[in-house]
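Now for the letters of each chain:
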Amino acid sequence: DSDSVPLVRVPPQYPMRASERGIEGWVVLRFTITAAGTVKNPVVISAEPARIFDRAAIRAIKKWKYRPRVVDGVAVERVEEVKLSFDLDDA
């Protein structure tokens, strides 16, 4: 048996208004990794500041790809959570 392993991680695009205003923050997302290794149903669990980075985080996470979790030789879906940080140094 093996866990889901990230194969492709697309960094989120920094929202221009947040960048211009010097706003930094983070978003925690919960999503399902399908048996095919794609991401579906991303949902914002928490964010700081609220709603500033949600759209950028969801747009990025939908592009991520995983090697799916395998149980008894069969790829299965699983729910995952990840925290994406938005730092101006990285923008």
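As a reminder, the structure under discussion sits directly above these lines.
Note that this is a predicted model, so its numbers are computed, not measured.

Trainee: I keep staring at the overall build of the protein chain and nothing clicks. Help me out?
Mentor: Summing up its helical and strand segments, the protein chain has 2 helices and 7 strands in all. For the protein chain, the spread of C-alpha atoms along the principal axes amounts to about 50 × 20 × 15 Å. Taken over 91 residues, the protein chain has a buried fraction of 31%. Excluding contacts between residues fewer than 6 apart, the proportion of contacts in the protein chain whose partners are at least 24 apart in sequence is 75%. Accessible surface, the protein chain: about 5,800 Å² in total, of which carbon and sulfur atoms supply 48%. Between the centroid of the 15 positive side chains of the protein chain and the centroid of its 13 negative side chains there is a distance of 7 Å.

Trainee: Is there a simple way to explain the side chain of T34 in this structure?
Mentor: Topologically, T34 is positioned in the loop between β2 (25-33) and β3 (39-48). Residue classification places T34 among the buried positions, given a relative accessible area of 11%. With sequence-adjacent residues up to four places away left out, T34 is seen in contact with K40, P68, V76 and E77.

Trainee: Even after reading the chapter, I still don't get the sheet that holds β2, so can you show me in this structure?
Mentor: Each strand in a sheet pairs with its neighbour through backbone hydrogen bonds, running either in the same direction (parallel) or in the opposite one (antiparallel). Spatial ordering of the open sheet is given by β3-β2-β7, a layout of 3 strands whose pairing is antiparallel. Edge strands, defined here as strands with exactly one partner in the open sheet, are β3 and β7 (78-86). Put simply, the sheet's adjacent strands are angled 25 degrees from each other on average, direction ignored. Examined bridge by bridge, β2 and β7 share 9 bridges and lie antiparallel to one another. Within the sheet, the bridge partner assigned to F31 lies in β7 and is E80.

How each quantity is defined
Residues numbered from 1 in each chain as written. Predicted model: local features only at pLDDT ≥ 70, side-chain atom pairs only at ≥ 80, totals over all residues. Heavy atoms only, no water. Helix = DSSP H or I, 4+ residues; strand = E, 2+ residues; numbered from the N terminus. Buried < 20%, exposed > 50% of the residue type's maximum accessible area, 1.4 Å probe, protein only. Contact = heavy atoms within 4.5 Å. Areas by Shrake-Rupley, 256 points an atom, 1.4 Å probe, with all protein chains shown as cover. Lys, Arg positive; Asp, Glu negative; His and termini not counted. Charge placed at Lys NZ, Arg CZ, Asp CG, Glu CD. Pairing = 2+ DSSP bridges. Axes fitted to C-alpha atoms, helices over the stretch in contact; angles between N-to-C directions.

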